[in-house]
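# Geometric and topological summary
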Amino acid sequence: MTESKATGIGLLSGGLDSILAVKVLQEQDLRLLGVTFSTPFFSGQPGIDAGRAAGIEVQVIDLTDKHLAMLRNPVYGFGSQMNPCIDCHALMLREAGQLMEQMKADFLFTGEVLGQRPMSQRRDSLRSVEKLSGYPGRILRPLSARLLPPTLVENEGKVDRERLLDINGRSRKRQIELARHYGIKVYPQPGGGCMLTKEGFARKLRELFTLYPDAGAREIELLKWGRHLLLPGGVFLAVGRQQTDNERLGSLAGPEEVVLRVLDHPGPLGVLLHLTPETEALSLAAKVVVSYSDAPLEGAVRVEWKHAGKTGMVTEANNLRKEEMKQYLL
Ligand code: SF4
């Protein structure tokens, strides 16, 4: 790196605040780059879009393995759902910090606003995140910087603290004014994209991790398609709701899964996670799949199963009552 100006690497989540953090720093003579992350729970696209809106280059890092390892045992626990926000921020900052070191950049920055989010943006949380990330004093929050202790680059005069902001709290008024000031017209609402904050998804994920502590990205992907049931004996069944679900579930099922399909009638695909056709649950799972099909009530219906290259068939009556089914739905 030949320029003498200081270089900052910004974590871009994609919300308005991350765009504004860049804009505020662009008022100074700095070199700015963006970084964003992808995992099974959120994509890097909003961060890429934010970089485009702010006019900086963005690098996307696939954080899946490290994020899953962290998710199993977050130091600071979970938010209202399965969102380990403090650990997640710290992990992202640690990754960005490594990039900062590789690139010999000077500081990291984020669009965090003091007091804006109950869990991750309290003063003590910001401090915890810094400590856990391993980069204390190197993380600048331009939107609230004047309310926080000065960072190294501010102390060294590489970033002018006086030109940073003092936004505090949950109101979005100043951010909206700033968006107007910078001519930013389109931006996503903050915090909308992470599946770990969604109640229904978090419930399924908790069950998945309880049954299969080693579940990885593929099993998690299966949770995103169709409906999911927990059958007696801790049996996890995914059933498509529509054609796209069936296609995705079919392509995600591995040799360790049993795939069920109703013969002779239009119906959904079912996937029994990590089981063999010898399972006692096969009959009930087949009945569930049949009950979501167009097969006539009470009649005998053939269901094909496939597992690790083998195929077989069971015949079940379409007689599973709705109330019975409800108790299995996750
Ligand atoms: S909402 Fe999701 S992506 Fe954002 S910090 Fe929390 S866990 Fe990480």
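Residues numbered from 1 in each chain as written. Predicted model: local features only at pLDDT ≥ 70, side-chain atom pairs only at ≥ 80, totals over all residues. Heavy atoms only, no water.

### Notes on the environment of Arg203
Along the chain, Arg203 turns up in helix α8 (residues 199–211). Taking the C-alpha atoms as reference points, Arg203 and Gln81, 122 residues apart in sequence, are found 8.2 Å from one another. (Helix = DSSP H or I, 4+ residues; strand = E, 2+ residues; numbered from the N terminus.)

### Re the nonpolar core
Nonpolar side chains tend to gather and get buried jointly when the protein is soluble and globular. If you look at the biggest cluster of nonpolar residues, it comprises 48 residues, and the most contacted ones within it are Phe41, Leu205 and Leu208. Element by element, the count of residues in this core is highest for helix α4 (residues 85–102), at 9 residues. In this structure, this core is formed jointly by two domains, domain 1 (6–195) and domain 2 (198–326), each of which donates at least three residues. Other than its neighbours up to four places away in sequence, Leu205 contacts Phe41, Leu71, Met82, Leu196, Ile220 and Leu223. Residues Ala6, Val22, Leu140 and Leu165 belong to the second largest nonpolar core, which totals 28 residues. (Core = buried A, V, L, I, M, F, W, Y, C linked by side-chain atoms within 4.5 Å. Buried < 20%, exposed > 50% of the residue type's maximum accessible area, 1.4 Å probe, protein only. Domains from an automatic or database assignment. Contact = heavy atoms within 4.5 Å.)

### A look at the site of the ligand
The full set of residues close to the ligand is Phe42, Pro84, Cys85, Cys88, His89, Cys194 and Thr197. Taken together, the residues of the shell around the ligand break down into 5 nonpolar, 2 polar and no charged. (Near = heavy atom within 4 Å. Nonpolar A, V, L, I, M, F, W, Y, C, P; charged D, E, K, R; others polar.)

### Notes on the sheet that holds strand β8 (residues 258–262)
Strands sit in the order β6-β7-β9-β8-β10-β11 across an open sheet of 6 strands; the sheet is antiparallel. Two strands bound the open sheet, and with one partner strand each, they are β6 (227–231) and β11 (310–317). Pairwise comparison of adjacent strand axes, ignoring direction, gives a mean angle of 25° for this sheet. By the bridge criterion, 4 bridges tie β8 to strand β9 (residues 269–272) in an arrangement that is antiparallel. Looking across to β9, one finds that Leu260 is bridged to Gly270. Of the strands in this sheet, β6 and β7 (235–239) are in contact with α8, which crosses β7 at around 140°. Against the sheet, helix α11 (residues 282–291) touches β6, β7, β8, β9, β10 (300–307) and β11, its axis set at about 40° to β8. (Pairing = 2+ DSSP bridges. Axes fitted to C-alpha atoms, helices over the stretch in contact; angles between N-to-C directions.)

### Quick look at the packing of helix α1 (residues 16–26) against helix α2 (residues 45–54)
Relative orientation of the contacting elements α1 and α2 amounts to 30°, with a least axis distance of 9 Å. Here α2 runs roughly parallel to α1, going by the angle between their axes. In the packing of α1 onto α2, the handedness of the crossing is right-handed. Residues Ser18, Ile19, Val22, Lys23 and Gln26 of α1 form the contact with α2, whose own contacting residues are Ala50, Ala53 and Ala54. (Parallel < 35°, antiparallel > 145°, perpendicular 65-115°, else oblique. Left-handed = near helix turned anticlockwise from the far one by under 90°.)

### A word on the layout of surface pockets
Approximately 230 Å³ is the volume attributed to the second largest pocket. Surrounding the second largest pocket, Ser291, Tyr292, Ser293, Leu297, Asn318, Leu320, Arg321, Lys322, Met325, Lys326 and Leu329 form its lining. The element best represented in the lining of the second largest pocket is helix α12 (residues 322–326), accounting for 3 residues. Grouping the constituent residues of the lining of the second largest pocket by class yields 5 nonpolar, 3 polar and 3 charged. (1 Å grid on protein atoms, 1.4 Å probe; cavity = no way out; pocket = protein on both sides within 12 Å on 5 of 7 lines; lining within 4 Å. Points joined across faces, edges and corners; volume = space filled by probe spheres on them.)

### Some remarks on the sheet that holds strand β4 (residues 107–109)
One open sheet holds the 5 strands; their spatial order is β3-β2-β1-β4-β5, and the pairing between them is parallel. Looking along the sheet, the strands with just one partner apiece sit at the ends: β3 (58–62) and β5 (139–140). Pairing of strand β2 (residues 31–38) with β3, which is carried by 5 bridges, proceeds in the parallel orientation. The residue bridging Phe37 from the neighbouring strand is Ile61, located in β3. Packed on one face of the sheet, α2 meets β2 and β3 and runs near 170° to β3.

### A closer look at helix α3 (residues 64–71)
Regarding α3, the residues found buried are Thr64, His67, Leu68, Met70 and Leu71. Angularly, the buried residues of α3 cover 160° about the axis, an arc narrow enough to put them on a single face. Along α3, exposed side chains directed more than 90 degrees from the buried face belong to Asp65 and Ala69. Contact partners of the buried residues in α3: β2, β3, α4, α8 and α9 (217–222). (Arc of directions from axis to C-beta.)

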